[in-house]
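# Observations on chain architecture
Below are the chains, spelled out letter by letter.
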Amino acid sequence: MQISPSILSADFANLERELRRISNADWAHVDVMDGHFVPNLTLGLPVVEALAKVSPIPLDCHLMIDDPDRWAPQYAEAGGSSVTFHIEAAGDPRRVARDLRAAGARAGMAIKPGTAFAPYADLLPDLDMVLVMTVEPGFGGQSFMADQMPKVREVREAVRRHGGDIWVQVDGGVSADTIEQCAEAGADVFVAGSAVYGAQDAAAAVEELRALATAHRHG
Ligand SMILES: O=C(CO)[C@@H](O)[C@H](O)COP(=O)(O)O
Ligand SMILES: [Co+2]
C-alpha cells in the first residue's frame with residue numbers, strides 16, 4: 001500500500017522543503033496541468049526537472065495535458081519515475097505507454113470520472129498503473145466521489161485476471177475518512193493532497209493513511 005502526496009496542496013514557493021516534509025511517503029505526486037485539458041495551470045517540464053534533482057522520493061507525474069503523445073515521454077526524461085497520461089487526451093495510448101517504458105518510467109493511464117474503463121482494458125499489457133480519478137481533474141480540495149468505487153473494483157478485477165505488477169491508483173478527495181473504501185475496492189496507491197499538506201504534521205498524516213489502507217486491504 002503506497003501513499004503519494006500531491007504537492008498541488010504544498011507551498012509552491014518552497015517546494016524542496018515541502019518534499020522533505022513527506023520523505024516518508026512512497027512517491028511525490030506532481031500534478032501537471034496545461035490550462036487546456038483542465039481549466040487550471042500548474043507547472044511543466046523545467047519544474048519537474050528541478051524537483052527530480054532535489055526530491056528524496058521518486059516523482060509520480062500526473063499529466064492533465066493535451067497531446068500526451070508528444071509530451072509524456074519528456075516527463076520521463078525529465079525525471080518522472082512514474083508518468084500517467086489521461087486516456088481522454090491520448091491519440092495512440094498504447095504507443096504513449098510503450099514510449100514511457102522505453103524512457104525508463106512506469107507507465108500509467110488515468111481515467112476521468114465520466115470515462116468507462118472497459119473499452120481500454122486491452123491496454124493493460126502495456127501499463128504499470130491505472131489511475132481512477134475520484135474527482136473531476138483540475139483542482140485539489142474537492143469532495144471524494146464514492147460512485148467511482150465500482151470502477152476501482154472493475155479495474156482491480158481486470159488486473160487480477162491479467163496478472164503482473166499493475167498498480168491501481170485513486171486520486172481526489174482521499175483522506176482518513178475515504179481511504180478505507182478505496183483500499184477495500186482494490187486500490188493500492190493513494191494520492192492525497194489536502195489531507196497531507198493540510199495537516200500540521202504531514203509525515204504523520206502519511207503514516208495514518210498508510211495504516212488505514214493496509215488495515216483495509218482488498219481481498
Ligand atoms: O489530480 C488532482 C486534481 O486534479 C489531484 O492530485 C489533487 O491534487 C488531489 O488533491 P486532494 O483532492 O487530495 O486535495
Ligand atoms: Co493528481
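As the structure is a prediction and not an experimental result, all values here were calculated from the model.

### Looking at the sheet that holds strand β1 (residues 2–5)
In spatial order, the strands read β1-β8-β7-β6-β5-β4-β3-β2; together these 8 strands make up an open sheet with parallel pairing. Each end of this open sheet is capped by a strand with a single partner; those strands are β1 and β2 (28–33). Across this sheet, the average inter-strand angle for adjacent strands is 25°, counted without regard to direction. Pairing of strand β6 (residues 129–133) with strand β7 (residues 167–171), which is carried by 5 bridges, proceeds in the parallel orientation. Considered in β7, the bridge of L131 is made with Q169. Sheet strands touched by helix α3 (residues 68–77): β3 (59–64) and β4 (80–86). Its angle to β4, the strand with the most contacts, is close to 165°.

### Some words on the UniProt feature "binding site: a divalent metal cation" (unreviewed entry) in the protein
Feature annotation in UniProt assigns "binding site: a divalent metal cation" (unreviewed entry) to the following positions: H29, D31, H62 and D171. These annotated residues cover 143 residues of sequence, but their C-alpha atoms sit close together, with the largest distance between any two at 10.5 Å. Tracing the backbone shows D31 in strand β2. Ignoring anything within four residues of it in the chain, the contact list for D31 reads S6, L8, T42, H62 and M64. Inspection of the secondary structure assignment puts D171 in strand β7. Once residues within four sequence positions are removed from consideration, D171 is found in contact with H62, L131, M133, T134 and V191.

Calculation notes
Within any chain, residue numbers begin from 1 and follow the written order of that chain's sequence. Chains carry letters from A onward and ligands carry numbers from 1 onward, assigned in written order. Totals for whole chains, interfaces and linings use every residue, but because this is a predicted model, local features are given only for residues with pLDDT of at least 70 and side-chain atom pairs only at 80 or more, for both listing and counting. DSSP bridges decide pairing: two strands pair if at least two such bridges lie between them. Comment: elements are numbered from the N terminus, with helices defined as DSSP H or I runs of at least four residues and strands as E runs of at least two. Axes here mean lines fitted to C-alpha atoms, for a helix over just the part in contact, with angles spanning 0 to 180 degrees between N-to-C directions. By definition, residue pairs are in contact when their C-beta atoms, positioned from the backbone, come within 7 Å. UniProt positions are given in the numbering used here, feature names are shortened, and annotations may be inferred rather than shown by experiment.

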